[in-house]
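Summary of the model geometry
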Amino acid sequence: MDRRKFLVRATAALPISLGVKSLYQSTNLTQDVLNIKQFKDAALAHFSYAISAGSKLVLIDPGRDPQPYYDYADKNGLQITGVIETHPHADFISSHHEINKTKKATIYASKLTKASYPHQQFDQGDVIELGKDVKLKALQTPGHSPDSISILLEEKGRNIAVFTGDSLLFGDVGRPDLRSYSGEFATEKKNLAKQMYHTIHDQFAKLENDVKVYPAHGAGSLCGKAIRNVNESTIGYEKENNYAFGKMTEEAFVNILLGDQPVIPYYFPFDVENNKKGSAAYQPAIAAVPGEKANFTPSTNERIIDTRKAELFRKSHQTGAVNIPDGGKFETWLGSVQKPEQSFFLVASSKQELQDVIAKSAKIGYESIIKGAYVYDNNDGSKSDEFNITTFKADPGKYTIIDVRTQKESAGQPVFPGSINIPINELADQVEKLPKDKPFVIHCASGYRSAIGASIIKKQLPDKTVYDLSDSIQSFIK
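Predicted model only: the values in this text are computed from it and were never measured.

Reading the values: rules and limits
- Residues numbered from 1 in each chain as written.
- Predicted model: local features only at pLDDT ≥ 70, side-chain atom pairs only at ≥ 80, totals over all residues.
- Heavy atoms only, no water.
- Buried < 20%, exposed > 50% of the residue type's maximum accessible area, 1.4 Å probe, protein only.
- Helix = DSSP H or I, 4+ residues; strand = E, 2+ residues; numbered from the N terminus.
- Contact = heavy atoms within 4.5 Å.
- Core = buried A, V, L, I, M, F, W, Y, C linked by side-chain atoms within 4.5 Å.
- Pairing = 2+ DSSP bridges.
- 1 Å grid on protein atoms, 1.4 Å probe; cavity = no way out; pocket = protein on both sides within 12 Å on 5 of 7 lines; lining within 4 Å.
- Points joined across faces, edges and corners; volume = space filled by probe spheres on them.
- Nonpolar A, V, L, I, M, F, W, Y, C, P; charged D, E, K, R; others polar.
- pLDDT = per-residue confidence, 0-100.
- Salt bridge = Lys/Arg side-chain N within 4 Å of Asp/Glu carboxyl O.

For an α-helix the count is 3.6 residues per turn, leaving residues at separations of three or four pointing the same way. Inspection of helix H3 (residues 96-103) places His96, His97, Glu98, Ile99 and Asn100 among the buried residues, and these make up the whole buried set. Along its buried surface, H3 packs onto strand E4 (56-60), helix H2 (67-75), strand E5 (79-84), strand E6 (106-109), helix H8 (267-277) and helix H9 (282-287). The first or second residue beyond H3 is Lys104, which carries a positive phi of 60°.

Below, the structure written as structure tokens:
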């Protein structure tokens, strides 16, 4: 048990960093004054909300770590009385179950969610009275998922804001293909796309133009395909600028919505199912991750995720490790490359960095599949094949070039004629099909995904030469 102690001590007070922004305060200076606070997790482009009136506070779509919400409530003398889940989220684990247990707050969710945690059904026409003049009303808004609801905030009979989950986004709507990926026949993507058409025109389009729009995700999230980079909007702006409100047939809308959707990371269906059940408390979960001694050597065939910077990985790493450098989107790339049914060992260059990546892994529920975590600082490990850009430029035809960007990126800005495009999330399953008569050169747009891709191919083809084009790609992009 001693090997775990540094993890337990360090993670006990390790919060997920969330930006907090004040969105609204009513001018009615009574004891029921209405406040809206927005919490932003930039890494997942996730927005959550705290709505308070008087001493009561209701949370909407909280992230995995409940502590920022507890701190906000305590600082302002508020009692968390409710948590609303607009739908079972695919890209992060919600803390609704933990908040219910810790604060005795009621969880509100649609009956269509079929949640197994204790909750109160909250569907079209249902109302939460937060204060004398403040009400939260449920709107049925399927399309992103069959169980999606939105929350209409009313003060003194006037609609103030609508919290749209992943139904209506900034300049976009939620993608309809996530549940079909998890095998739920009734939620096939075309049917959901049709439902979204009616959600837009029968629900959102009928709201007043000055109603503020607050979704669960912003630009950079894979829950939409072209989300505008802002923190708030209005129904009026979306009516004028969001393609979904345009005059078109249902069929035309469905075709537009289903076209060019982003990749679906492996962890999305995993998170949906976990959010339906309710996940373990955040701090105990990350504290339970086993710690190993520095430079621990897992047994043969164990999966190793090395989160150190790519340049450190190239100089020395454990044979067979996959390099997913810690960064702004680490959670997404971890869940795009690592399947949730496979356990793995997690590696970092220091104890602090190890603590950070464990916490990030927990945001998507992956702390549960970490078999062990340890620091690696050995300089005598395996070295990556050293890339020579001059030799490559002299005759690129002597190499098999793998472009690990998305199909949309590759088609829109091809870099090397004849390169093979395999998106990074599909690469591991396609390696055996690659031609093996030439050295490999892996590239993306910036060097981050190419580091992941080169390590994946080298893991599966250890006897082949694999080069990471890395930052050198900038000299080829016009």
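This part is about the nonpolar core. Among the nonpolar cores identified, the biggest contains 48 residues, and Leu427 and Ile457 are the most heavily contacted of them. Among the elements of the structure, H8, H9, helix H11 (330-337), strand E18 (344-348), helix H12 (351-363), strand E19 (370-375), strand E22 (440-443) and helix H16 (448-460) are those that each provide at least two residues to this core. Residue contributions to this core peak at five residues, all from H12. Dropping the residues within four chain positions of it, Ile457 is found in contact with Ile402, Leu427, Val431, Leu434, Phe440, Ile442 and Val466. One finds Leu34, Ile60, Leu130 and Ile151 within the second-largest nonpolar core, a separate group that totals 27 residues.

Next up on the list: the sheet that holds strand E20 (residues 400-403). In a beta sheet, neighbouring strands pair by backbone hydrogen bonds and run either parallel or antiparallel. Read from one edge to the other, the open sheet built from four strands follows the order E21-E20-E22-E23, with strand pairing classed as parallel. In the strand order of this sheet, the two ends are held by strand E21 (420-421) and strand E23 (466-468), each with one partner. For E20 and E21, the ladder comprises two bridges, and the chain directions are parallel. Among the inter-strand pairings, Asp403 is bridged to a residue of E21, identified as Asn421.

Bringing empty space enclosed by the protein into the picture now. Empty space among the atoms can be located by rolling a probe the size of a water molecule over them. For the structure on display, the rule yields two cavities of 30 Å³ or more. Taken as a whole, the second largest cavity encloses approximately 30 Å³ of empty space. Looking at the second largest cavity, the residues that line it are His87, Pro88, Ala90, His144, Ser145, Leu178, Arg179 and Val272. Looking at side-chain class alone, the lining of the second largest cavity contains four nonpolar, three polar and one charged residues.

Now for the confidence of the model for the chain. Residues with a pLDDT of 70 or more make up 94% of the chain, whose mean pLDDT is 92. Across residues 1-13, confidence stays below pLDDT 50; counting only partners more than four residues off in sequence or on other chains, it has 26 contacts.

So, about the layout of surface pockets. Roughly 860 Å³ of volume is contained in the largest pocket. Together, 35 residues line the largest pocket, and Leu222, Gln261, Pro262, Val263 and Thr406 are the ones closest to its centre. Every element with two or more residues in the lining of the largest pocket is listed here: H8, H11 and helix H14 (407-412). The class makeup of the residues in the lining of the largest pocket is 16 nonpolar, nine polar and 10 charged. In this model, the second largest pocket occupies a volume close to 300 Å³.

Moving on, we get to the side chain of Ser52. Mapped onto the fold, Ser52 is located in strand E3 (residues 46-53). Residue Ser52 is classed as buried on the basis of its relative accessible area of 2%. Ignoring sequence-local partners within four residues, the contact set of Ser52 consists of Val33, Leu34, Asn35, Leu57, Tyr72, Leu78 and Leu130.

So, about the pattern of salt bridges. Scanning all chains against the criterion turns up 16 salt bridges. We note a salt bridge from Lys363 to Asp41, for which the minimum N-O separation is 2.9 Å. Residue Lys363 is found in helix H12, and its partner Asp41 is found in strand E2 (residues 34-41); the two are separated by 322 residues along the sequence. Across the pair, exposure class does not vary: Lys363 and Asp41 are buried alike. Among the ionic pairs, Arg175 bridges to Asp177, the shortest N-O distance being 2.7 Å. Take Arg175: its relative accessible area is 0%, and that puts it in the buried class.

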